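Understanding the architecture of this molecule
So you can see what is in the structure, the chains are spelled out below.
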Amino acid sequence: VLMRVDFNVPLDDDLNINDDLRLRATLPTINSVLERGGSLILMSHLGRPTAGEFEEKFSLKPAAARLGELLGKEVQFATDTDGSDAQDKAAALQPGDVLLLENVRFCPGEKKDCPEFSQVLAGMGDIYCNDAFGSCAKPDASLHGVPLAMGDRPKVVGFLLEKELKYLTE
């Protein structure tokens, strides 16, 4: 399952997570996939980095470590989003494995909703799940282009997004 999450968490000067609420909010959806024997590729942004440039203060590596603590299992981390590290790790996933890709906003194609970037990301998953309520209205590749690029493959919302939509409709 290729899942868009919102791990835009606050970090201190030492790159430690100050508040992991956004990580914990996705646990029901993540655990649902894992309990049914699926594997996960998680995508998120963090902050507002300069597209095309790596900035350590915007790396999702601390989120992978904290998510692993919350899940009680290793969360693999890809040092890129659409490059060989992400693609190799995604292809090697086994049932129950979790992979967090590096910050999607490091890639210029994310904010431009680039079809080529979307296609690479879409190629990593069999199912798309959006559980990123705080970001879901953005016309970014990981939120808009990827579901389109997945064609007829299933697309669903996670429990967090479902809960927020239900709240708004009430």
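Higher on the page you've got the structure.
This structure is a prediction, so every number in the text was calculated from the model and none was measured. (Residues numbered from 1 in each chain as written. Predicted model: local features only at pLDDT ≥ 70, side-chain atom pairs only at ≥ 80, totals over all residues. Heavy atoms only, no water.)

**Regarding the sheet that holds strand S4 (residues 98-100)**
Overall, parallel pairing links the six strands, which are arranged S3-S4-S2-S1-S5-S6 in an open sheet. Taken across any chain shown, the strands that pair with only one partner, and hence form the sheet edges, are strand S3 (76-77) and strand S6 (155-157). In terms of strand pairing, strand S1 (residues 2-5) meets strand S5 (residues 128-131) through four bridges, oriented parallel. The residue of S5 that forms the bridge with arginine 4 is asparagine 130. Contacts between helix H2 (residues 27-35) and the sheet are confined to S1, strand S2 (40-43), S4 and S5, with S2 contributing the most and set at about 160° to the helix. (Pairing = 2+ DSSP bridges. Helix = DSSP H or I, 4+ residues; strand = E, 2+ residues; numbered from the N terminus. Contact = heavy atoms within 4.5 Å. Axes fitted to C-alpha atoms, helices over the stretch in contact; angles between N-to-C directions.)

**Section: the pattern of salt bridges**
Tallied over the entire structure, the rule returns seven salt bridges. A salt bridge links arginine 22 to aspartate 6, with the shortest nitrogen-to-oxygen separation between them at 3.4 Å. With arginine 22 in helix H1 (residues 21-25) and aspartate 6 in the loop between S1 and H1, this residue pair connects regions lying 16 residues apart in the sequence. Arginine 22 sits in the partly exposed class, given a relative accessible area of 38%. Between arginine 66 and aspartate 20 there is a salt bridge whose closest N-O contact spans 2.7 Å. With arginine 66 in helix H3 (residues 61-71) and aspartate 20 in the loop between S1 and H1, the pair connects residues that are 46 residues apart, well separated along the chain. Note on arginine 66: relative accessible area 25%, which makes it partly exposed. You can call aspartate 20 buried: its relative accessible area is 12%. (Salt bridge = Lys/Arg side-chain N within 4 Å of Asp/Glu carboxyl O. Buried < 20%, exposed > 50% of the residue type's maximum accessible area, 1.4 Å probe, protein only.)

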